[in-house]
Structures are given as C-alpha cells and as structure tokens.
Amino acid sequence: MNRLLCANFSRLWKSKYFYISVGVMFAYIALYMGKRCWITFADLTYQETNLESCYFRFSLVIGLFSAVFSTLFLGQEYSGGAIRNKVIAGYSRKDIYLSQLIVVSAASLLMLLAGMAGGLVGIPVFGFWKMGTGQLFLYLLIAAMSTLVFCAVNTYINVLTQNKVRSAVLSILVFFALLFLVSKLQARLDESDTVFSDIQIHGDEINFLDPMPNPRYVSGAKREILDFIVDALPTGQGLRLASNEVAHPVRMLLSSAVLTVLVTFWGILRYGREDLK
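The structure contained in this document is the topic of the report that follows. As the structure is a prediction and not an experimental result, all values here were calculated from the model. (Residues numbered from 1 in each chain as written. Predicted model: local features only at pLDDT ≥ 70, side-chain atom pairs only at ≥ 80, totals over all residues. Heavy atoms only, no water.)

Points about the side chain of threonine 71
Next, step 1: The topology assignment puts threonine 71 in helix H4 (residues 58–79).
Next, step 2: Polar contacts involving the side chain of threonine 71 include one to the main-chain carbonyl oxygen of alanine 67, which spans 3.0 Å.
Next, step 3: Dropping the residues within four chain positions of it, threonine 71 is found in contact with Asn158, Lys164, Ser167, Ala168 and Ser171. (Helix = DSSP H or I, 4+ residues; strand = E, 2+ residues; numbered from the N terminus. Polar contact = N/O pair within 3.5 Å; in protein donor to acceptor, adjacent residues only side chain to side chain. Contact = heavy atoms within 4.5 Å.)

And the structure:
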C-alpha cells in the first residue's frame, strides 16, 4: 500500500490536471466573491452584510471539480495500462482501489482548500465571519466530509468504468442529477403553508385576499423524510452550507461518513470481481 500511495502521490504532484483544477477552483470562488463585493458597493440596500452569507459557495461546486479531476487523473491508469501492471506486480485489488481513493480525496480536499482561500477575497468588504469559531469549524468540517462522499462516488465510477469518456459523462451526470434532486426537494420544503387566491390593487396599496392552504406544502412525516434526504446527500449539504441553513450538523456528518464507507466497501467488492482488460 505504501508504495502504491507513493507512486500515486508522485504522479499527482506532476499532474497538470491537478494544478489546473486547484487554480480554476480558486479563481472561480475569488471571482464569485468579487462579484458579490461589487454588488454590495453598487447597491447600498443589498442585504448581504456578512462574509458567511456568500462564503460557502465552494461547497456547491466541489463535487463537479472532483468529478472532472477524478476522470482525468484515474483515466490515465487504464489508458496507460498501469492498473493491469499493478495487479501483475502482486498488489491486491483492495490496496489499489484504496490508494486511488486516498489520492483523489487528498486532491479534492486541496481543491476545497483553494476554494476556501478564494472566498477570503470578500474580507475587505464584508469583514471576517460573524459566526463563532466553533460554528465556522463545524461548517468547514461538513464541507470536507461531503467532499469525501463525492470522492468515494467518483472513485467507484472511474475505477469500475474502463471507458474514459463514459466515466467522465457518468461522473458529471451523477453530480448534476444529485444537485437537481436536492434543488427540487428543497423547493418543496420552502413552499409556504398558505397561498393567496386573489389580489386587489387600490392606487399604491396592494391587498392579498382569501389565504388558502397550499396543496404543495409538505408537512408531517413526509417533510421529515425529505429534510433527511437533503441533509444526507452531499449536494444537499452543499446547498444548505451555501445558504447558511444547517440545522442538523451531526446528521450531516454521520450521513457523509456512512455513505463514504458504504460506497467504498461496495466499490472494493465490485472491483475484486472486475475483469481488467
């Protein structure tokens, strides 16, 4: 395992894909924060008054960056025949799989760190975080743990899919499918319990008449289930971090840990039966 890790990290430090991914992540978040700063300067009535209101944007996109990097980095293992050579050299498939997961996780966490650094661009305008140090650390830990879930999923896809193009498409599609799912679920959770059936306008005065129950409002056990799903999925955690709506941090951390272990365990089992061409 140690030799596999040394070889993988040696290749990582020489990989142009890694440095490009880290650089683009930093630039994207820095530009996003710069845009938020410009809006604040241009519109004095803008409600964004603290750093954390826009700082955690990196938690929304880290899954996409991890998916793209994993495909490019791990795809070279198959295209160059390195995977087959490692098996021939006597390394166990479990060690090969775990070494790939570890290096992808390390690279993705460094991308996450680059996003955190890019977000500091907003400090001159917004100042430092208003939240306490403990809460900030908890939010960053949630972001790191959700990143590990993405790494487990992306490693599973790329190690078990020998076609580079197929693995790239599948990794990106999984990310956007999960993002679309939690966006829809969160939209349902954000529905108000009542709606207004009619509006009367008298000059400058607007009156809302006859509030009615909203048929799209979710309540009871169904609401708890949807809320749990959003908290459990890494894209849902990113969405709630970005909007500062973390209500169940322990549930998020435990969900990330369980999903990472389950996906990794299943990936090792599947990889042990894989026919390496």
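Next comes the rest of the account.
Quick look at the packing of helix H9 (residues 164–189) against helix H10 (residues 220–232)
Next, step 1: H10 packs onto H9 with a crossing angle of 140° between their chain directions and a minimal axis gap of 10 Å. As summarised for this structure, H9 and H10 are arranged oblique, according to the angle between their axes. As for the relative orientation of H9 and H10, their crossing is left-handed in sense. Across from Val182, Leu185, Gln186 and Leu189 in H9, the residues of H10 making contact are Arg223, Leu226, Asp227, Ile229 and Val230.
Next, step 2: Taken together, the residues of the contact of H9 with H10 sort by class into six nonpolar, one polar and two charged. (Axes fitted to C-alpha atoms, helices over the stretch in contact; angles between N-to-C directions. Parallel < 35°, antiparallel > 145°, perpendicular 65-115°, else oblique. Left-handed = near helix turned anticlockwise from the far one by under 90°. Nonpolar A, V, L, I, M, F, W, Y, C, P; charged D, E, K, R; others polar.)

What about the state of the cysteines?
Next, step 1: Taken as a whole and assessed by the stated rule, the structure comprises zero disulfides.
Next, step 2: Looking at cysteine 37, it has no disulfide partner, and the nearest cysteine sulfur is the one in cysteine 54, 6.9 Å off. (Disulfide = S-S within 2.5 Å.)

Honestly, that's just the spatial picture; any functional story needs more than this.
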